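Structural characterization, general
The residues making up each chain are set out below.
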Amino acid sequence: MRKYLILLISIISINISFGQNITLDEAISLRKKDLAEVEEYLTSKNWSLISAQEPTEDEMGMASFAFEKDLYDD
């Protein structure tokens, strides 16, 4: 029983460790790049661009990305 519990905990911890593929430092460094560089970097890590908004005089621009988004999952 103890072996099965250890196996279950190790499988769950391995799954959780692959859940976040961008560190906080990488996210902060992406803020200084333009949208084309950010999109290229994130698409190489299996992220998809969902929507982008150009900045205006009154508002900042915005981009939305999704991790491992399937083409048929909206």
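As shown above, the structure is provided for reference.
Right, let's walk through the structure included here.

Rules and cut-offs
- Residues numbered from 1 in each chain as written.
- Predicted model: local features only at pLDDT ≥ 70, side-chain atom pairs only at ≥ 80, totals over all residues.
- Heavy atoms only, no water.
- Helix = DSSP H or I, 4+ residues; strand = E, 2+ residues; numbered from the N terminus.
- Buried < 20%, exposed > 50% of the residue type's maximum accessible area, 1.4 Å probe, protein only.
- Patch = residues over 30% accessible without salt bridge, like charges linked within 9 Å, V, L, I, M, F, W, Y side chains within 5 Å.
- Areas by Shrake-Rupley, 256 points an atom, 1.4 Å probe, with all protein chains shown as cover.
- Salt bridge = Lys/Arg side-chain N within 4 Å of Asp/Glu carboxyl O.
- Lys, Arg positive; Asp, Glu negative; His and termini not counted.
- Charge placed at Lys NZ, Arg CZ, Asp CG, Glu CD.
- Phe/Tyr/Trp six-rings, centres within 6.5 Å; stacked < 30°, edge-to-face > 60°.

**Description of unusual backbone geometry**
- Its identity as a non-glycine residue notwithstanding, Asn46 has a phi of 70°, on the positive side.
- For Asn46, the location among the structural elements is in the loop between helix 3 (35-43) and strand 1 (47-53).
- For Asn46, a relative accessible area of 49% gives the class partly exposed.

**Some points on a nonpolar patch on the surface**
- Residues Leu5, Leu8, Ile9 and Ile12 make up a contiguous nonpolar surface patch of roughly 380 Å² in combined accessible area.
- Along the chain, Leu8 falls in helix 1 (residues 2-17).
- Residue class for Leu8 comes out partly exposed when judged on its relative accessible area of 47%.

**Focus on a negative patch on the surface**
- On the surface, Asp34, Glu37, Glu39 and Glu40 cluster together to form a negatively charged patch.
- On the secondary structure map, Glu37 appears in helix 3.
- With relative accessibility at 44%, the residue Glu37 sits in the partly exposed group.

**Overview of the packing of aromatic side chains**
- Taken as a whole and assessed by the stated rule, the structure comprises one aromatic pair.
- Between Trp47 and Phe67, the ring centres sit 5.3 Å apart and the planes meet at 55°, which makes this aromatic pair tilted. Taken together, the residues Trp47 in strand 1 and Phe67 in strand 2 (residues 62-67) connect sequence positions 20 residues apart.
- Looking at Trp47, the relative accessible area reads 22%, which means it is partly exposed.
- The class for Phe67 is partly exposed, based on a relative accessible area of 30%.

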